[in-house]
Amino acid sequence: MTTNTTDAVSQRRIFSGPNLLQIAMPMGGIGAGSICLNGHGGLQDFAIRNRPAVTALPDGHGTGDTGFGLLHIKGTDSRPSITKLLEGPLPVEKIYDQGLQAQGYRHGGHEGFPRFADSTFEARYPFGIVRLKDPGVPLDVTITGWNPFIPRDDVASGMPAVFLDYKIENQSQEAVSFEFSFHLSHLCVPGGKWKGSGSAVIGASGETSEGGGVAFGNAEPSHSENFGTAALYAVGAAPRVKATWFRGGWFDSLSVLWREVSSGQFRENNGVGAEELDGRTGGSVLLERTLAPGESVTYPLIIAWHFPNSDQHYGDISKTAAAASALPMADCGPGCDCGPEVAPTPAWRPFYAKQWEDARAVALSAAAEYETLRSRTLAFAEALHGATLPPEVIDAVASNLAILKSPTVLRQENGNVWAWEGCFTQSGCCHGSCTHVWNYAQALPHLFPALERTLREQELLRSMDEAGHIQFRAALPDGPTRHDHHAAADGQFGGILKLYRDWQISGDRAWVERLYPHAKRSLDYCIQTWDPDRKGGLFEPHHNTYDIEFWGPDGMCGSIYVGALSAMAAMAAELGHAADSAEYGALAEKAAAYMDAELFNGDYYQQKIQWEGLRDTSFADRVAGVTDVSSEVLQLQKSEGPKYQYGSGCLSDGIIGGWMAKIYGVDTPLAQENIQATLKAIFTHNYKADLFDHACLQRPGYALGHEPGLLLCSWPRGGKPTLPFVYSDEVWTGIEYQVASHLIEEGFVDEGLTIVKAARARYDGHVRNPFNEYECGSYYARAMASYALLASLSGFRYSAATRTLWFGPKWGEDEEFSTFFSAADGFGTIQLNRQTQTLTVEVIEGRLPIEKLVLTLGEGPAQEIAWNAVAVPGQPAVWTQQ
């Protein structure tokens, strides 16, 4: 039976049956890697070595990585003993590798152990909750997987660890004695070779927290990319510990382990050194208890890892390599021939390597702070999931936060974020914090604004040359990058808008003053490159997020151009650069006038394809000599113009600059009625409730058959090029959320929610993973556009620069409206009582000072209200309409 339901009261999305198949929820630290909790309670995708490992395998990286729990129920006179793997039924699609690569027997996996008969998965990110039941087992088990997710606390939220809470409940009418054990393979095996790896018990004696477990390590040189440690730790208990499994070939380790556990004869040991280990192995913890009828117990576990080196590098790293500190010879491993003075160094180290010495330290720190970390994470989750917003919106926002904890995001030792666009199975895809893809992502700047600001510095300080050209793919590690590729217009203009946004979020005037001259250089480069005559349009060919160049002005990049000019004018005015403000403001007026006069066709903004009369004559020169015997491609280009344009098409991104300006608080001179008309046209022409008759010859897997979705482009007026821009017939969730948010902002709430429902319906757990809205790879950054839905529906915006709070719900008619908010200095909830017209700001952590409230109630006009208040934990700020 297919089950994929939403509990409207608590905003819970619950999956069972076939809809458990694809579920894999990343658990890990921001920039620290992750392990996924799957739909039936197992672990997979061990992406813990500063690289993706997104394979749907229970042993993620080809090294036999695995972890699993076992429950042994002791027999009585009336009942035989029972031993079960703490996972639900293995989906049949995974048995024979039907595209899911889950043949666990390849490596001697645990998939063949007896399992629980029934499982469900509750998505309540950052918590994933698996409930296991079996009619033949007197105990029910609930597995809650999570990692600290605390807005603004990037250290706690960056722990390289997985937290697993196993709750065991006695549902029978008699006492039940049992042994619960958890087993983790040795996660530090270098290159799949077991020799040179060791393990040891972590005891409670002298530690910071009661508990115990096992630590793993290897004998690799400390500067090696393979060097690392891992740990398994039981919190708040004194487990029996097996620090080394039986060391043998074939399936020997698990065969012996199963024999011991299922017979109730678990054998402890203290581990072995690197020179003694030969054969596949791991470590285990075991706890035992007797539960009375109706009684329960919860066992928290921590899996930690620490791989402090990476040899990955992209772009020009010559300067950073030269400046890298040398490691002393004493740190070299056996056989090192690096000379008497220095040893080679890794390209970079992850941020967590500076916070914790090794995995043992991570585990002990996490155990000592376990209750605090859990309660803080739970407070965030309850605030987010408790919002009185449509369940599909909460689902879209919360589930895509998993991208921040996936291997898409890396963080260097200096604290700077660097990211992929998404993840292929064993490597990142599309490197360098790509500026135009991250244009869409709105979660990081609000939840962890200090981390987002490192991306602005990356663009303006390290990825820009003296002329103002920004390489839209940044170097790894930090440093100057090559400038051998054209700039991306949407990404570079978008960076100006994001600078304005991040200044408003942070209120850090010194920061924006420092970056202002660099932003000016960037914008001036853009104008000179694409609008050299300052006519208000991007006439010269300009690269964009569709991986091609648009020839001639278009609504998509043109609207971002207008937004960037307007944002720069506003920043210049505030920072005292009156001449700059006047210059950019005047050009913004001209650019908006051009769009409204030349690109708006009466229904929507389109593209005006142009290749003649430009400074760039490359295309005109290429087709000038085309003859009847020339290639088909050249003949087609001569008759239709450059490949990959959209011309008269209705582009879903056709007014994206208006969306960015709206949600960032930037006033632009674009005609409001034209923006609204374009949005209505996009919904009317591009949203399809059923795609069965839609032809997509590019990548149809994003939305296919009878599924609904928003197409990237349509041609309601005809004129579709023979070769339109690549991807034009596809469906991308990041663009769906962008359009949905903008529709809601402009009052088209039902249309916006229709798109959101469509997107989340496709990610149903059976066909697609609800935590992985993929595009070019898994956990694709663009999908974090969904976070904007929170503010669009609530009307929330906060400027720390002016201490102004905007609020005005656009959804719901209930007396009470509540939403989650996050700002640079605090996060919490805002409630509006519509009957009494009372607004309450409750801060969970931090503070929120308010000097002005801009409140919109219903269809009425916005009210500007002086309100000198500071909300802090336990002392909400309350305003009531007089």
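The structure displayed is predicted, hence computed values, not measured ones.

## Some remarks on the confidence of the model for the chain
As a note on interpretation, predicted positions should not be read in detail where pLDDT is low. Here the chain averages 92 in pLDDT, while 91% of its residues score no lower than 70. Considering only residues more than four positions removed or in separate chains, one finds that residues 98-108, a stretch of pLDDT under 50, has 31 contacts.

## What to know about the side chain of Asn769
With respect to the helices and strands, Asn769 occurs in the loop between α19 (749-762) and α20 (788-794). On the basis of relative accessible area, Asn769 is assigned to the buried category, the value being 7%. In this structure Asn769 touches Gln22, Ile23, Ala24, Tyr763 and Tyr779, once residues within four positions along its chain are discounted.

## Quick notes on the packing of aromatic side chains
One pass over the structure, following the stated rule, counts 40 aromatic pairs. Relative to Trp530, the ring of Tyr525 has its centre 6.3 Å away and its plane inclined at 85°; by these criteria the two rings are edge-to-face. Each member of the pair, Tyr525 as well as Trp530, is classed as buried. Through successive ring pairs, a cluster of aromatic residues spans Phe121, Tyr125, Phe149, Phe380, Phe448, Phe771, Phe820 and Phe827. Over the ring of Phe266 we find Lys242, and its NZ or CZ is 5.0 Å from the ring centre.

## Let's talk about the pattern of salt bridges
Scanning the entire structure with this criterion turns up 46 salt bridges. Residue Asp134 is joined to Lys84 by a salt bridge in which the shortest nitrogen-to-oxygen separation is 3.4 Å. Of the two residues, Asp134 is situated in the loop between β9 (127-133) and β10 (139-146) and Lys84 in strand β7 (residues 82-85); the sequence distance between them amounts to 50 residues. Overall, the relative accessible area of 13% leaves Asp134 in the buried class. The class for Lys84 is buried, based on a relative accessible area of 16%. Between Lys852 and Glu864 there is a salt bridge, and its shortest N-O distance comes to 3.8 Å. With Lys852 in strand β34 (residues 848-855) and Glu864 in strand β35 (residues 863-871), this pair connects stretches of sequence that are 12 residues apart.

## With respect to the nonpolar core
In this structure, Phe180, Phe182 and Tyr546 are the most contacted members of the largest nonpolar core, which totals 249 residues. Considering each element in turn, this core owes the most residues, 12 residues, to helix α12 (residues 555-574). The residues touching Phe182, leaving out its near neighbours within four places in the chain, are Leu43, Gly67, Phe68, Gly69, Leu164, Tyr166, Leu232, Gly283, Ser284, Val285, Leu301 and Ile303. In terms of nonpolar packing, the next biggest core, distinct from the first, is built from 10 residues, Trp245, Leu254, Val261 and Phe266 among them.

## Things to note about the pairing of strand β11 (residues 161-170)
With 8 of 10 residues buried, β11 is to be regarded as a mostly interior element. Note that β10 and β11 share 8 bridges and pair antiparallel. By the bridge assignment for β11, Leu139 is matched with Asn170. With 9 bridges connecting them, β11 and strand β18 (residues 296-306) associate as antiparallel partners. Note that in β18 the partner of Asp165 across the bridge is Pro300.

## Quick word on the side chain of Ser792
By secondary structure assignment, the location of Ser792 is in helix α20. Within the structure, Ser792 has its side chain in polar contact with the side chain of Glu745 (distance 2.9 Å). When residues no more than four places from it in sequence are discounted, the contact partners of Ser792 are Ile663, Ser741, Ile744, Glu745 and Lys810.

## What about helix α13 (residues 578-599)?
Along its 22 residues, α13 runs 30 Å from first to last C-alpha, staying within 8% of the 32 Å computed at 1.5 Å per residue. Taken together, the buried residues of α13 touch α11 (509-530), α12 and α17 (672-686).

## Observations regarding α11
In an α-helix, one full turn covers 3.6 residues, which means residues spaced three or four apart are oriented alike. The end-to-end C-alpha distance of α11 is 30 Å, a good match for the 32 Å that 22 residues give at a rise of 1.5 Å each. The sharpest bend along α11 measures roughly 40° and falls at Tyr516, with the proline Pro517 sitting one to four residues further on. Tucked into the core, α11 has its buried residues touching α9 (449-462), α10 (489-506), β23 (542-543), α12 and α13. With a side-chain oxygen lying 3.3 Å from the backbone nitrogen of Ala510, the N-terminal cap of α11 falls on Asp508.

## Looking at the sheet that holds β7
On the basis of which strands lie adjacent, the open sheet formed by 5 strands has the order β7-β6-β12-β17-β16 and antiparallel pairing. The outermost strands of the open sheet, each flanked by one partner alone, are β7 and β16 (240-242). In this sheet, neighbouring strand axes are inclined to one another by 20° on average, regardless of whether the strands run parallel or antiparallel. As judged from the 3 bridges shared by β16 and strand β17 (residues 282-291), these two strands associate in the antiparallel manner. Residue Val241 lies in a different strand from β17, and its bridge partner there is Val285. Running over the sheet, helix α1 (residues 252-262) touches β6 (67-73), β7, β12 (176-185), β16 and β17 and is turned about 30° from β6.

## Quick word on the environment of Asp667
Looking at where Asp667 falls in the secondary structure, it is placed in the loop between α16 (656-664) and α17. Take Asp667: its relative accessible area is 71%, and that puts it in the exposed class. Each C-alpha atom of the pair Asp667 and Val562 lies 9.9 Å from the other, and the pair is 105 residues apart in sequence.

## What about the sheet that holds strand β3 (residues 24-29)?
The strands making up a sheet associate through hydrogen bonds between their backbones, and the pairing can be parallel or antiparallel. Taken together, the 3 strands give an open sheet; going across it, the order is β3-β4-β5, and neighbouring strands pair in antiparallel fashion. Only two strands of the sheet have a single partner each, and these edge strands are β3 and β5 (43-47). The mean inter-strand angle of the sheet, taken between neighbouring strand axes irrespective of direction, is 20°. Judged from the 6 bridges that link them, β3 and strand β4 (residues 33-38) form a sheet pairing that is antiparallel. The residue bridging Gly28 from the neighbouring strand is Ser34, located in β4.

## Observations concerning the pairing of strand β30 (residues 804-807)
Looking at chain direction, strand β29 (residues 797-799) and β30 are connected through 3 bridges and run antiparallel. Residue pairing for β30: Arg797 is matched across the bridge by Trp806. Between the antiparallel neighbours β29 and β30 lie 4 residues, among them Arg803 with a positive phi of about 55°. Direction of pairing for β30 relative to β34: parallel, over a ladder of 4 bridges. From the neighbouring strand, Thr804 faces β34, where its bridge partner is Lys852.

About the cut-offs
- Residues numbered from 1 in each chain as written.
- Predicted model: local features only at pLDDT ≥ 70, side-chain atom pairs only at ≥ 80, totals over all residues.
- Heavy atoms only, no water.
- pLDDT = per-residue confidence, 0-100.
- Contact = heavy atoms within 4.5 Å.
- Helix = DSSP H or I, 4+ residues; strand = E, 2+ residues; numbered from the N terminus.
- Buried < 20%, exposed > 50% of the residue type's maximum accessible area, 1.4 Å probe, protein only.
- Phe/Tyr/Trp six-rings, centres within 6.5 Å; stacked < 30°, edge-to-face > 60°.
- Lys NZ or Arg CZ within 6 Å of the ring centre and 35° of its normal.
- Salt bridge = Lys/Arg side-chain N within 4 Å of Asp/Glu carboxyl O.
- Core = buried A, V, L, I, M, F, W, Y, C linked by side-chain atoms within 4.5 Å.
- Pairing = 2+ DSSP bridges.
- Polar contact = N/O pair within 3.5 Å; in protein donor to acceptor, adjacent residues only side chain to side chain.
- Expected span 1.5 Å × (residues − 1).
- Bend = angle between axes of the 7 residues up to and from the residue.
- Axes fitted to C-alpha atoms, helices over the stretch in contact; angles between N-to-C directions.

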